[in-house]
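# Chain and residue survey
Here's the letter readout for the chains.
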Amino acid sequence: MYNPPAAETLPVLFADEHILVLDKPSGLLTVPGRPAEHADCLESRAREAFPEARIVHRLDMDTSGVIVLALTAHAHRHIGLQFEKRQTRKEYQALVWGEVNDDVGRIDQPIITDWPNRPRQMVDHERGRSAVTDWLVLAREGGMTRVSLKPLTGRSHQLRVHMDYLGHPILGDNLYAHDQAFQARGRLCLHAKELGFRHPDGGEEMCFSSSVPF
């Protein structure tokens, strides 16, 4: 059942005539779903104040953090191309189950949709598309580990699938975590902490950040 957070003040991190940067709350769809009750989403809320706002990229419903929307067709093309060419800089933070042994690493495991169990994704070395994530341990917290995650590709559920593949599912993950890890927190502990890209008008390097809420 879809139960989005209350529509309070739009969490604007930055806005000009070209782009709108928001701090998305957990539990809110980025774009509307097919059922009528899924019409409430980040895009629809943004358009109440910024009618031209258009989604450039997405965050999973239960993932919180920095997301950029375009306010012009040019900005949409310009930033969309940066995502396509992997020219953006993304850093997430997560709390995962168990204490990760190593301090740093890279996960290079291809991902494909698990069609009988959609929207789940899975690692598939024969048919999967390349997916690469760099990770860094920030702290080990009594049976849990706080990690920084930098996806070098942009596959659906990539960070969730990759951490589960390591044997350290993200806490509160309703799709990939085992029962103990799922029940350890009341939300998915995955947050888009930083996003960097070039401004579509002039190419200035910009970076936006959001405080981690867990």
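For the structure, check the block above.
Below or above, wherever it landed, is the structure these notes cover. Residue indices follow the written sequence of each chain, beginning from 1 at its first position. Only residues with pLDDT of at least 70 get local features here, since the model is predicted, and only at 80 or more are side-chain atom pairs given and counted; chain-wide, interface and lining totals rely on the full set of residues. Hydrogens and water are ignored here; the side-chain numbers use all heavy atoms of the structure.

### Some details on a nonpolar patch on the surface
Among the surface-exposed residues, Val104, Leu136 and Leu138 lie close enough to one another that they form a single nonpolar patch of about 260 Å² accessible area. The topology assignment puts Leu136 in strand β9 (residues 132-140). Patch members must show over 30% relative accessible area and no salt bridge, and they are joined within 9 Å when carrying like charges or within 5 Å when they are nonpolar side chains of Val, Leu, Ile, Met, Phe, Trp or Tyr. What sets the accessible areas is the Shrake-Rupley method with a 1.4 Å probe; for residues, cover comes only from the shown protein chains. Each salt bridge in this description consists of a side-chain nitrogen of Lys or Arg and a carboxyl oxygen of Asp or Glu lying within 4 Å of one another. Per the convention used, a helix needs a DSSP run of H or I reaching at least four residues, while a strand needs a run of E reaching at least two, with both numbered from the N terminus.

### Let's talk about the pairing of strand β10 (residues 144-151)
Within a regular strand, side chains alternate between the sheet's two faces. Most of β10 sits out of view: 7 of its 8 residues are buried. Two strands are said to pair when DSSP picks up at least two bridges between them. Bridge count between strand β5 (residues 89-97) and β10: 6 bridges; the pairing is antiparallel. Paired with Tyr92 across the bridge in β10 is Leu149. Bridge count for β9 against β10 is 7 bridges, and the pairing is antiparallel. Among the inter-strand pairings, Trp135 is bridged to a residue of β10, identified as Leu149. The buried label goes to any residue with under 20% of its type's maximum accessible area, the exposed label to any with over 50%, and the partly exposed label to all in between, with areas taken from a 1.4 Å probe on protein chains only.

### Digging into helix α1 (residues 42-49)
Counting along an α-helix, one turn takes 3.6 residues, and residues three or four places apart therefore face a common direction. Taken together, the buried positions of α1 are Leu42, Glu43, Arg45 and Ala46. What you see down the axis of α1 is that its buried residues fit within an arc of 165 degrees, all on one side. Between two residues, a contact is recorded if the distance between any of their heavy atoms is within 4.5 Å. Against the buried residues of α1 lie β2 (19-24), β3 (54-55) and β4 (64-70). Here, the arc refers to the directions that run from the helix axis to the C-beta atoms.

### Description of the layout of surface pockets
Only protein atoms enter the 1 Å grid used here. Points where a 1.4 Å probe fits but cannot escape make up a cavity, open sets with protein on both sides within 12 Å along at least five of seven lines make up a pocket, and a residue lines them when an atom lies within 4 Å of a point. Grid points are joined across faces, edges and corners, and a volume is the space filled by probe spheres set on the points. Computed from the structure, the largest pocket encloses a volume of approximately 1,600 Å³. The wall of the largest pocket is formed by 47 residues, among which Arg58, Leu59, Asp60, Ser156 and His157 lie closest to the centre. Only α2 (73-84), β5, β7 (111-113), β10 and α3 (158-165) provide two or more residues apiece to the lining of the largest pocket. Computed from the structure, the second largest pocket encloses a volume of approximately 330 Å³. Together, 22 residues line the second largest pocket, and Glu8, Thr9, Leu10, Pro11 and Arg45 are the ones closest to its centre.

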